[in-house]
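Architecture and fold: a report
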Amino acid sequence: MPELQRLHPDHLAALLTFEQENRAYFAASVPDRGDAYFADFAGRLAALLTEQAEGICHFHVLVDTNGEILGRFNLMDAADGSADLGFRVAEKAARRGLATATVLHLCTLAATEYGLTTLRAAAALDNTASRTVLTRAGFVPTGEEVRLSGRPGSGYVRDLSRGPEGWAR
Ligand SMILES: CC(C)(COP(=O)(O)OP(=O)(O)OC[C@H]1O[C@@H](n2cnc3c(N)ncnc32)[C@H](O)[C@@H]1OP(=O)(O)O)[C@@H](O)C(=O)NCCC(=O)NCCS
């Protein structure tokens, strides 16, 4: 079973492999990272870990039993009980329900470990997989129209005091 782990410095090599191997796959759905991102990957990871140590962000990787990273699940800009969710799953692990199951798990962690009460997310209208994951994990559209790199999208929110089907915890 893959394990959700909080990002730490030892993830560097596996994380770089994950981003490189899936670069074209991700770029079909979300903006490409750009060459500079890969050129200073260690510096970028160090900056993320600093933000995490300050409590601004909580980064996670989904690690397979062989140490391979299968996905990233991040909570960013945590403030006033709320944070922004972002996620991506490797092409080789797609369509197995990993994103849905892990977002559900992260919703629990966000409430119990990080003291958050709501999560926000955004998905392009043509990103069916992302919108499906968010809906199945209990996120609801806010009605706010957003632009994601020029593409029309929708804002989503999840009340963490409620289960994915809307029942009160
Ligand atoms: C969005 C993403 C994380 C989904 O990961 P995943 O582990 O494949 O998701 P799940 O297996 O939980 O799938 C959720 C549903 O979406 C469907 N789905 C997955 N990929 C799909 C695709 N490319 N097109 C249409 N539907 C897709 C799945 O089949 C599943 O529905 P089903 O159970 O009815 O078959 C992954 O496609 C990804 O990393 N995309 C690129 C980055 C991105 O878009 N991130 C989200 C924005 S923050």
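Structural data are supplied above this passage.
Below or above, wherever it landed, is the structure these notes cover. (Residues numbered from 1 in each chain as written. Predicted model: local features only at pLDDT ≥ 70, side-chain atom pairs only at ≥ 80, totals over all residues. Heavy atoms only, no water.)

Things to note about the side chain of Arg 88
Rule in force here: Going along the chain from the N terminus, every DSSP run of H or I of four or more residues is numbered as a helix, and every run of E of two or more is numbered as a strand. Accessible area is worked out with a 1.4 Å probe on protein chains only. A residue is then buried under 20% of its type maximum, exposed over 50%, and partly exposed in between. Each polar contact in these results corresponds to two N or O atoms within 3.5 Å; when the atoms are within protein, one needs to be able to donate a hydrogen and the other to accept it, and residues that are neighboring in sequence are counted only if both atoms are side-chain atoms. Residue contacts are defined here by distance: any two heavy atoms, one from each residue, within 4.5 Å place the two residues in contact.
Here Arg 88 lies in strand β4 (residues 82-89). Using a relative accessible area of 16% as the deciding quantity, one classes Arg 88 as buried. Reaching out from Arg 88, the side chain makes a polar contact with the side chain of Glu 19 at a distance of 3.4 Å. Setting aside anything within four residues of it in sequence, one finds Arg 88 in contact with Phe 18, Glu 19, Phe 26, Val 30, Arg 33, Leu 70, Gly 71 and Arg 72.

Observations regarding the nonpolar core
Condition: Put simply, buried Ala, Val, Leu, Ile, Met, Phe, Trp, Tyr and Cys residues joined by side-chain atoms within 4.5 Å make one nonpolar core.
Counting residues in hydrophobic clusters, the biggest one holds 27 residues, and the most contacted among them are Phe 73, Leu 75, Leu 85, Val 103, Leu 116, Leu 119 and Phe 139. For this core, the secondary-structure elements that each account for two or more residues are β3 (69-79), β4, α5 (98-112), β5 (118-124) and α6 (128-136). When residues of this core are assigned to their parent elements, the largest contribution, seven residues, is made by α5. Each residue touching Leu 75, except ones within four places of it in the same chain, is listed here: Ile 56, Cys 57, His 58, Ala 83, Asp 84, Leu 85, Leu 106, Ala 110, Tyr 114, Leu 116 and Leu 119. Residues Leu 15, Phe 41, Val 61 and Ile 69 belong to the second largest nonpolar core, which totals 16 residues.

Structural notes on the site of the ligand
To keep things clear, this is the line we draw: Whether a residue is near a molecule or strand depends on its heavy atoms: it is near if one of them lies within 4 Å of it.
As a matter of local geometry, the ligand sits amid 20 residues, with Val 89, Arg 95, Gly 97, Thr 100 and Asn 127 nearest to it. The separation between a nitrogen atom of the ligand and a polar main-chain atom of Phe 87 is 2.8 Å. Contact between the ligand and Arg 136: an oxygen atom at 2.8 Å from a side-chain N or O atom of the residue. For the shell around the ligand, the secondary structure elements donating two or more residues are α2 (23-27), β4, α5 and α6. In terms of residue count, the dominant contributor to the shell around the ligand is α6 (five residues).

Digging into the sheet that holds strand β2 (residues 58-63)
Rules: By the convention used here, strands pair only if DSSP detects at least 2 bridges between them. Here an angle of 0 to 180 degrees is reported between the N-to-C directions of two axes, which are lines fitted to C-alpha atoms, with helices fitted over the stretch in contact.
Pairing is mixed across the open sheet formed by seven strands, whose spatial order is β1-β2-β3-β4-β5-β7-β6. Strand pairing shows two members of the sheet lacking a second neighbour, β1 (3-6) and β6 (140-148), which therefore form its edges. The mean inter-strand angle of the sheet, taken between neighbouring strand axes irrespective of direction, is 25°. Pairing of β2 with β3 involves six bridges; the strand directions are antiparallel. Bridge pairing in β3 places Phe 59 opposite Asn 74.

Details of unusual backbone geometry
Phi at Asp 77 is positive, roughly 55°, even though this residue is not glycine. By the element assignment, Asp 77 lies in strand β3. We note that Arg 95 has phi near 60°; this positive angle belongs to a residue other than glycine. Structurally, Arg 95 is set in the loop between β4 and α5.

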